[in-house]
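Coordinate analysis (summary)
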Amino acid sequence: MANSASGMAVNDECKLKFQELKSKRNYRYITFKIEDQAVVLDKLGGPDDSYDKFTSSLPADECRYAVYDFDFTTDEKCQKSKIIFVAWAPETSKVRHKMVYASSKDRFKRELDGIQVELQATDASEMSLDIVKARAA
Amino acid sequence: MLFDSDEVSAIVVDLGSHTCKAGYAGEDAPKAVFPSVVGSIDGMEIDDADNANMNSGSTPDSKSKGKSKFYVGSQDLGYRRDHMEVLSPMKDGVVVDWDMVENIWDHALRKCLLIDPKEHPMLFAESCSNSQQQREKTAEIMFEKYQVPALFLAKNAVLTSFASGRATSLVVDCGGGSTTVAPVQDGYVLQKAVSTSPIGGDFLSDCLLKSLESKGLPIKPRYAFKRKEVRPGEFQIVDLDLPNTTESYKLYSQRVIVSDIKECVCRAPDTPYDDTSYSNIPMTPYELPDGQTIEIGADRFKIPDILFNPSLALTIPGMENSIETTSSAHGLPQMVIESISKCDVDIRRELYSSILLSGGTASMQQLKERLEKDLLEESPQAARVKVLASGNATERRFSVWIGGSILASLGSFQQMWFSKSEFEEHGASYIQRKCP
């Protein structure tokens, strides 16, 4: 366990929906928030939602966690997909929320089995499609 | 209501090399902020004096047992006493004198916060370089002597990182006694890549003091003169002769003044400092406590540049003896690059884009901009360099304490404490498991 972890619980619904995203692919993305001392589901994206729709679903001044099922084509013209985890902490969010989300992240991410790429972002430019592509490749 | 707990409020203490910060968990800023040094009068000298006065026989035994008397807090230290030395309980961010540290804790808990330690869980911020032995010693003193119900030791770099919303970052802590660069990954400090230097705010203050002295501008400590109002609005300065004042007390008193000058006028230069380009810059006035106004020119830029180029200190008359300190020390950008290059290739990119500036000296004007600029020039080309510091001065200065304050107030954190019963069952070494 990391030093100074918050001890925040993870709601079972988070793991269930993540499993569905992974195996049934019925969601393009899922966002999570912390409420009443636990990580809970926030929003679910439809299977055909765009990357822009995903980024705009993250609030401008509040922290979130998110996973995104990213489809891409490699340089060798090979179709691939990877699951991206985003720790979203805008500069303008409250210091209390930044602290709570950052100190709960490690534990939460461990509950989601199958994440291949992880990003921390404080604004949209830090999780642009180009950056995500570069990290996934 | 997201995260509040109804437990009795915990106490958060961040004992830095320059300042001790203490307060209640859940609050926005520490209630007590005072210098982390103690004024000490050697017990033996007092005994001798007493014995001589009373003309009574003394046994060698009582002499050797003579304990030092300690004075803690800005107010007590502000009062000059004959033979009082000013001592720091820490060296390189690590405690070397526990007696003094206990006096500082007592002052913070009992005198400033007015609490009974038996009733409050304690969260302590600790330096990355704290050894296992130090951690166990802290646990022993806290549980056995102070009888606290629960304890937690949080790494200061981790608290700063979390408080900025990042589980992974490179924390550049510019403190009073030292500067520490520590990579944090998912809440773990990567110990092998931590780099430290003894160049901190205190060293800069000493350089400024010597430089001013060399220009014929000695800093008169506040205790060394009286200001008399001879006519309304007109003051006369009377120098006091106090031969029993220690050198360390004089230096402490001068540093108080010089660090204020530094905070008021200094500013990191945009490019490396050199004498010729700064010889004609406008002077900035500063009024000393004795009413004298001094003018500060190139030093405004030269002093902060020592953070980037420690050997610059050697050009200041009176600082030649700092060669031991400066020869092994690297400038800030080099420390950052060195530290990152000791980390795994996979996270280097992430660290370059999350460099967090914290600590008292981090408030230096233009420090963030200059560090970012130097790193852009010297870092590997693919790196996307981003240096961050909270725009809020309180958050920047107290990021460690604030992180601890939030953490200790979380309802979910209550299960994480190292409790008194766990200490009694498993012993002090259990701290290594509870607070890894």
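Scope of this entry: the structure provided in the associated data block. All values reported here derive from a predicted model rather than from experimental measurement.

**Some words on the overall build of chain B**
Counting its secondary structure elements, chain B contains 17 helices and 21 strands. Its C-alpha atoms give chain B a radius of gyration of 23 Å, near enough to 22 Å, the size a compact globule of 436 residues would have. C-alpha atoms of chain B, sized along the principal axes, occupy 65 × 65 × 45 Å. Within chain B, buried positions represent 54% of all 436 residues. Pairs at least 24 residues apart make up 68% of the contacts formed inside chain B by residues separated by at least 6 positions. Element-wise, carbon and sulfur atoms account for 48% of the exposed surface of chain B, whose accessible area totals about 19,800 Å². Distance between charge centres in chain B, computed from 45 positive and 61 negative side chains, equals 1 Å.

**So, the layout of surface pockets**
Remark: the empty space left among the atoms is shown by a probe the size of a water molecule rolled over them. One number sums up the size of the second largest pocket: a volume of about 390 Å³. As for the second largest pocket, its lining consists of 16 residues, and the residues nearest its centre are Glu118 and Arg135 of chain A together with Asp346, Ile347 and Glu350 of chain B. Elements that contribute at least two residues to the lining of the second largest pocket include exactly α3 (95-111) and β6 (117-121) of chain A together with α12 (345-352) of chain B. Ranked by the residues each element gives to the lining of the second largest pocket, the list is headed by α12 of chain B, at 6 residues. Looking at side-chain class alone, the lining of the second largest pocket contains 3 nonpolar, 4 polar and 9 charged residues.

**Some points on the nonpolar core**
In terms of nonpolar packing, the biggest core is built from 96 residues, with Val39, Val67 and Phe108 of chain A together with Trp105, Met122, Leu123 and Leu151 of chain B touching the most fellow members. No other element matches the 7 residues that helix α4 (residues 98-112) of chain B contributes to this core. Here leucine 123 of chain B is in contact with Ile11, Val12, Val13, Phe152, Ala154, Gly404, Leu407, Ala408, Phe413 and Trp417 of chain B, once residues within four sequence places are set aside. Core analysis: the second largest hydrophobic core is formed by 56 residues, Leu217, Ile219, Ile294 and Cys343 of chain B among them.

**A look at the interface of chain B and chain A**
With 39 residues of chain B at the interface, the matching set in chain A holds 32 residues. Summed over the shared surface of chain B and chain A, the number is 4 salt bridges. A salt bridge links aspartate 123 of chain A to lysine 386 of chain B; the shortest N-O distance between them is 4.0 Å. Viewed at the interface, chain A and chain B are joined by 15 residue pairs in polar contact (both at pLDDT 80 or more). Top element by residues in the side of chain B that touches chain A is helix α15 (residues 399-409) of chain B. It accounts for 5 residues. Its residues assigned to classes, the side of chain B that touches chain A comprises 21 nonpolar, 10 polar and 8 charged.

**Let's talk about the packing of aromatic side chains**
Scanning the entire structure with this criterion turns up 24 aromatic pairs over all chains. Relative to phenylalanine 418 of chain B, the ring of phenylalanine 143 of chain B lies with its centre 5.2 Å away and its plane at 80°, an arrangement referred to as edge-to-face. Here phenylalanine 143 of chain B is found in helix α5 (residues 132-145), whereas its partner phenylalanine 418 of chain B is found in strand β21 (residues 418-419), with 275 residues between them in sequence. You'll find phenylalanine 143 of chain B and phenylalanine 418 of chain B in the same group, each marked buried. Members of the aromatic cluster, joined through ring pairs, are Tyr29, Tyr51, Phe54, Tyr68, Phe70 and Phe72 of chain A. In this structure, arginine 227 of chain B is placed above the aromatic ring of phenylalanine 235 of chain B, and the distance from its NZ or CZ to the ring centre is 4.3 Å. In this arrangement the basic side chain of arginine 370 of chain B is found over the ring face of phenylalanine 308 of chain B, its NZ or CZ atom lying 4.2 Å from the centre.

Conventions and cut-offs
- Residues numbered from 1 in each chain as written.
- Chains lettered and ligands numbered in written order.
- Predicted model: local features only at pLDDT ≥ 70, side-chain atom pairs only at ≥ 80, totals over all residues.
- Heavy atoms only, no water.
- Helix = DSSP H or I, 4+ residues; strand = E, 2+ residues; numbered from the N terminus.
- Rg over C-alpha atoms; globule rule 2.2 N^0.38 Å.
- Buried < 20%, exposed > 50% of the residue type's maximum accessible area, 1.4 Å probe, protein only.
- Contact = heavy atoms within 4.5 Å.
- Areas by Shrake-Rupley, 256 points an atom, 1.4 Å probe, with all protein chains shown as cover.
- Lys, Arg positive; Asp, Glu negative; His and termini not counted.
- Charge placed at Lys NZ, Arg CZ, Asp CG, Glu CD.
- 1 Å grid on protein atoms, 1.4 Å probe; cavity = no way out; pocket = protein on both sides within 12 Å on 5 of 7 lines; lining within 4 Å.
- Points joined across faces, edges and corners; volume = space filled by probe spheres on them.
- Nonpolar A, V, L, I, M, F, W, Y, C, P; charged D, E, K, R; others polar.
- Core = buried A, V, L, I, M, F, W, Y, C linked by side-chain atoms within 4.5 Å.
- Salt bridge = Lys/Arg side-chain N within 4 Å of Asp/Glu carboxyl O.
- Polar contact = N/O pair within 3.5 Å; in protein donor to acceptor, adjacent residues only side chain to side chain.
- Phe/Tyr/Trp six-rings, centres within 6.5 Å; stacked < 30°, edge-to-face > 60°.
- Lys NZ or Arg CZ within 6 Å of the ring centre and 35° of its normal.

Purely spatial values, then, with no claim about function.
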